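Observations on the three-dimensional arrangement
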Amino acid sequence: MKNTLPMSFSKSIQTRLVLPPDTNHHQSIFGGKVLAYIDEIAAIAAMKHCQGEVVTASFDSVDFVSSAYAGDMIELEAVVSGTGRTSMEVYVRVVSRNIKTGAKKLTTESFVTMVAIDEYGKPKEVPGVEPETDFERHLFETGPIRQEHRKQKRALSKKRRA
């Protein structure tokens, strides 16, 4: 059996300030900016988990739930929620916080697949994960459904390219 690490081992948190250059004409943050932040924190969580370098394989889902505006803080939290032989599914949650009122709201949820690579850029094996909380158990137990969906999506994509 391959070794495992608790999900908390990979947990990563970042706080960012939404500045005017990060926003569109509605003063809400560009989705692409949020995606870049998600990619970065997903990579950090995955690197912590595999204790090495990673590359982004796919953004499996990104749900923009609400907007964050200039002057808000956004708090990103990521954790490796499941693993394959060389890949890691990373759950990322983004919450915005109004600095003046303290009001918090879910802004974005995402699942990102990262692949661990060795010094030659080839995929390398990763440890498994062990959920510790009820929420982590939920992420872990629903992972096979998401994994099957990713496999189906890849198969359809291959057919289109053929």
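Residues numbered from 1 in each chain as written. Predicted model: local features only at pLDDT ≥ 70, side-chain atom pairs only at ≥ 80, totals over all residues. Heavy atoms only, no water.

**Here we look at helix α2 (residues 134-161)**
Its 28 residues give α2 an end-to-end C-alpha distance of 41 Å, which sits within 8% of 40 Å, the value for a rise of 1.5 Å per residue. Most pronounced at G143, the bend in α2 amounts to some 40°, and the proline P144 follows within four residues. Along α2, the residues classified as buried are E136, L139, G143, R146 and R150. Residues of α2 that are buried sit in contact with β3 (53-64), β4 (73-83), β5 (87-97) and β6 (104-117). (Helix = DSSP H or I, 4+ residues; strand = E, 2+ residues; numbered from the N terminus. Expected span 1.5 Å × (residues − 1). Bend = angle between axes of the 7 residues up to and from the residue. Buried < 20%, exposed > 50% of the residue type's maximum accessible area, 1.4 Å probe, protein only. Contact = heavy atoms within 4.5 Å.)

**Digging into the packing of aromatic side chains**
Overall, the coordinates contain 2 aromatic pairs when judged by the stated rule. Geometrically, the ring pair formed by Y91 and F111 is tilted, given 5.3 Å between the ring centres and 50° between the ring planes. One end of the pair, Y91, is in strand β5; the other, F111, is in strand β6, and 20 residues separate them in sequence. The same class applies to Y91 and to F111, which are both buried. (Phe/Tyr/Trp six-rings, centres within 6.5 Å; stacked < 30°, edge-to-face > 60°.)

**Considering a positive patch on the surface**
A contiguous patch of positive charge on the surface is contributed by K151, K153, R154, K158, R160 and R161. On the accessibility criterion, R160 (65% relative accessible area) is exposed. (Patch = residues over 30% accessible without salt bridge, like charges linked within 9 Å, V, L, I, M, F, W, Y side chains within 5 Å. Areas by Shrake-Rupley, 256 points an atom, 1.4 Å probe, with all protein chains shown as cover. Salt bridge = Lys/Arg side-chain N within 4 Å of Asp/Glu carboxyl O. Lys, Arg positive; Asp, Glu negative; His and termini not counted. Charge placed at Lys NZ, Arg CZ, Asp CG, Glu CD.)

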